[in-house]
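Here is what each chain is made of, one letter per residue.
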Amino acid sequence: MDFSIPPELQEFRAAVRRFVDTELIPLEDLAEENDGLPDEIVRDLKKKSIAMGLNALEMPEEYGGGGHGTLAHVLLTEEISRAAPGVSSGTIPGASNILLEGTPEQKEKYLIPCIRGEKQDCFALTEPGAGSDAQSIRTRAEPRDGQWVINGQKRFISHGDTADFAIVFAVTHPDRERDRITAFLVDKGTPGFTVGQVHRTMGQRGYRQAELVFDDCVVGPEQILGEPGKGFELGRDWLRNGRIMTAARCLGPMARLIDEGTEWAKQRVQFGRPIADFQAVQFMLADSAIDLYASRMMTYNAAWDDDQGVDPKVVSAKASAVKVFASEAYGRVADRVLQIFGGTGYMNEMYVERAYRNARVERIWEGTSEIQRGVLARNLLKRGMFA
Ligand SMILES: Cc1cc2nc3c(=O)[nH]c(=O)nc-3n(C[C@H](O)[C@H](O)[C@H](O)COP(=O)(O)OP(=O)(O)OC[C@H]3O[C@@H](n4cnc5c(N)ncnc54)[C@H](O)[C@@H]3O)c2cc1C
């Protein structure tokens, strides 16, 4: 078994780390206070990240991506996520993996511009009545005169307010038991497509969610992504990758929290000694290191399997496991490190205060912890342990 990371990826990781430390982390206060960064700063950061080859690292080279696999993407995501989501998420262009299922024309119009940082997509599945039970969506697309007419409402859609187009999931074949849902590419500005409420959230300042409203929104058949009726399968592919990346996004904050907590424990003096001398504090650091180590190994392993072409069902089960473990571990680490900082950790300007709030959503989006445990249990009962 070879657990080493190839030298070229180690160098790449070191370069990303410098970019995060010098370009992204200094902007965190600005993003936190303004719920995002000014457009000109985002444009500038995008240019820099593209020049470094960070954009769409996992996408095939023929479309302008980096041509690397899932493990490389995980390593990049781990490093980038050391900076708060409000400065890291919009500044490194990327594209949803399911855009690779598009026609040549769709790849030209949507995939390639996303990879180049000229367009941004959003993934619109969740609705007011359909969250965990995504198959129960009610947004309808009905055929009329060779076109499709979309009606319905999506909510909690990340980047929904800024995206240039949405990948919208709608019911096209209501009478079928399976293959009822189709994915559509809907451009911003299409008549009948509007952005509704943009939410203020507990954490992740600058990483916004919006409602999308479709009111007799007409799109042509060329806007269907993949096969009609096969939208749910596309959604599943998106989520399998998304769950591994969610785990990767928890690794960076955990590492930074442990670094900051350790440094603080060495410097903060009470009862005439650094608090790092107290076993109660040491144990909180040790438990956090265990959480990070276990999360990291599990995430790398799931990504490695994906790169080796292991059965997608196995990768899917591992993706659920790492998503649960890393997201819950991040919550535990943030909680312990805040405790180590004492009252100082509760202050708004501290990274740990923000990380504590940011961590909470990781157990909810891309499928809640409960849903992932259900997926795992069903897999176990049917196929055994990651068989
Ligand atoms: C910040 C943020 C960004 C998001 N971005 C996007 C996006 O870009 N695109 C998108 O489509 N969606 C997005 N979502 C939606 C997200 O995927 C859903 O919030 C999530 O899947 C949970 O759905 P829900 O919020 O409706 O909760 P519900 O489904 O109502 O669940 C409520 C509770 O019931 C539990 N529960 C439900 N069913 C079961 C069950 N069968 N067994 C056990 N427990 C169960 C859940 O675990 C949870 O604890 C986002 C959400 C947030 C908060």
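Residues numbered from 1 in each chain as written. Predicted model: local features only at pLDDT ≥ 70, side-chain atom pairs only at ≥ 80, totals over all residues. Heavy atoms only, no water.

## With respect to the domain arrangement of the protein chain
As a measure of interface size, the accessible area lost when the parts come together is often cited.
At step 1: The domains assigned to the protein chain are domain 1 (7-102), domain 2 (121-225) and domain 3 (232-383).
At step 2: On the side of domain 2, 14 residues touch domain 1, which itself brings 13 residues to the contact.
At step 3: Together domain 1 and domain 2 conceal approximately 1100 Å² of surface at their shared face, both sides included; 59% is due to carbon and sulfur atoms.
At step 4: Contact with domain 2 buries surface across domain 1, with Asp35, Ile98 and Leu99 losing the most and accounting together for 47% of the total.
At step 5: On inspection of domain 1 and its partner domain 2, the count reaches two salt bridges.
At step 6: One salt bridge in this structure joins Arg205 and Glu32, with 3.6 Å as the shortest N-O distance. (Domains from an automatic or database assignment. Contact = heavy atoms within 4.5 Å. Buried area = accessible area lost by both parts, 1.4 Å probe. Salt bridge = Lys/Arg side-chain N within 4 Å of Asp/Glu carboxyl O.)

## Considerations on the pairing of strand E4 (residues 165-171)
At step 1: The buried fraction of E4 amounts to seven of the seven residues, a majority that puts the element mostly inside the structure.
At step 2: Side chains Phe165, Ile167, Phe169 and Val171 of E4 all project onto a buried face; the interleaved residues Ala166, Val168 and Ala170 project onto the opposite face, where all are buried too.
At step 3: Pairing of E4 with strand E5 (residues 181-187) involves seven bridges; the strand directions are antiparallel. Following the sheet pairing, Ile167 is matched in E5 by Leu185. (Buried < 20%, exposed > 50% of the residue type's maximum accessible area, 1.4 Å probe, protein only. Helix = DSSP H or I, 4+ residues; strand = E, 2+ residues; numbered from the N terminus. Pairing = 2+ DSSP bridges.)

## Overview of the nonpolar core
At step 1: Ranked by size, the top nonpolar core spans 61 residues in total, and within it Leu24, Leu54, Ile80, Met254, Leu257 and Ile340 carry the most contacts.
At step 2: Of all the secondary structure elements, the ones that give two or more residues to this core are helix H1 (7-24), helix H3 (39-51), helix H4 (70-80), helix H7 (231-267), helix H8 (279-307), helix H9 (312-341) and helix H10 (351-359).
At step 3: In contact with Ile340, not counting residues within four places along its chain, are Gly261, Trp264, Ala265, Ile275, Val281, Met284 and Leu285. (Core = buried A, V, L, I, M, F, W, Y, C linked by side-chain atoms within 4.5 Å.)

## Here we look at the site of the ligand
At step 1: Near the ligand, the surroundings consist of 16 residues, among which Phe123, Thr126, Ser132, Thr368 and Glu370 are the closest.
At step 2: In the environment of the ligand, a nitrogen atom lies 2.7 Å from a nitrogen or oxygen atom belonging to the side chain of Thr126.
At step 3: The separation between a nitrogen atom of the ligand and a polar side-chain atom of Ser158 is 2.9 Å.
At step 4: Across the complex, the protein chains shield 61% of the 980 Å² of accessible surface that the ligand would expose by itself.
At step 5: Among the elements of the structure, strand E3 (147-158) and helix H11 (369-383) are those that each provide at least two residues to the shell around the ligand.
At step 6: Residue composition of the shell around the ligand, by class: eight nonpolar, six polar and two charged.
At step 7: Taken domain by domain, the makeup of the shell around the ligand includes at least three residues from each of domain 2 (121-225) and domain 3 (232-383). (Near = heavy atom within 4 Å. Polar contact = N/O pair within 3.5 Å; in protein donor to acceptor, adjacent residues only side chain to side chain. Areas by Shrake-Rupley, 256 points an atom, 1.4 Å probe, with all protein chains shown as cover. Nonpolar A, V, L, I, M, F, W, Y, C, P; charged D, E, K, R; others polar.)

## Considerations on the packing of aromatic side chains
At step 1: Scanning the entire structure with this criterion turns up eight aromatic pairs.
At step 2: With a centroid separation of 6.4 Å and 85 degrees between ring planes, the pair formed by Phe271 and Phe278 is classed as edge-to-face.
At step 3: According to the relative accessible area criterion, Phe278 is partly exposed, its value standing at 24%.
At step 4: These aromatic residues form a ring-pair network of at least three members: Phe123, Phe169 and Trp238.
At step 5: The ring of Tyr351 carries the charged tip of Arg256 above its face, separated from the ring centre by 3.6 Å.
At step 6: Seen from the ring of Phe325, Arg332 lies directly overhead, with NZ or CZ sitting 5.5 Å from the centre. (Phe/Tyr/Trp six-rings, centres within 6.5 Å; stacked < 30°, edge-to-face > 60°. Lys NZ or Arg CZ within 6 Å of the ring centre and 35° of its normal.)

## Re the side chain of Arg256
At step 1: Structurally, Arg256 is set in helix H7.
At step 2: For Arg256, a relative accessible area of 9% gives the class buried.
At step 3: Setting aside its immediate chain neighbours within four residues, Arg256 contacts Ile25, Glu28, Arg82, Ala83 and Tyr351.

## Observations regarding H1
At step 1: Here H1 contains 18 residues, and its C-alpha end-to-end distance of 25 Å stays within 8% of the 26 Å for a straight helix at 1.5 Å per residue.
At step 2: Of the residues making up H1, those classed as buried are Leu9, Phe12, Val16, Phe19, Val20 and Leu24. Down the axis of H1, the sector holding all buried residues measures 100 degrees, keeping them to one side. Facing away from the buried side of H1 by more than 90 degrees, the exposed set consists of Pro7, Glu11, Arg18 and Thr22.
At step 3: Buried residues along H1 sit against helix H2 (28-34), H3, H4 and helix H5 (85-88). (Expected span 1.5 Å × (residues − 1). Arc of directions from axis to C-beta.)

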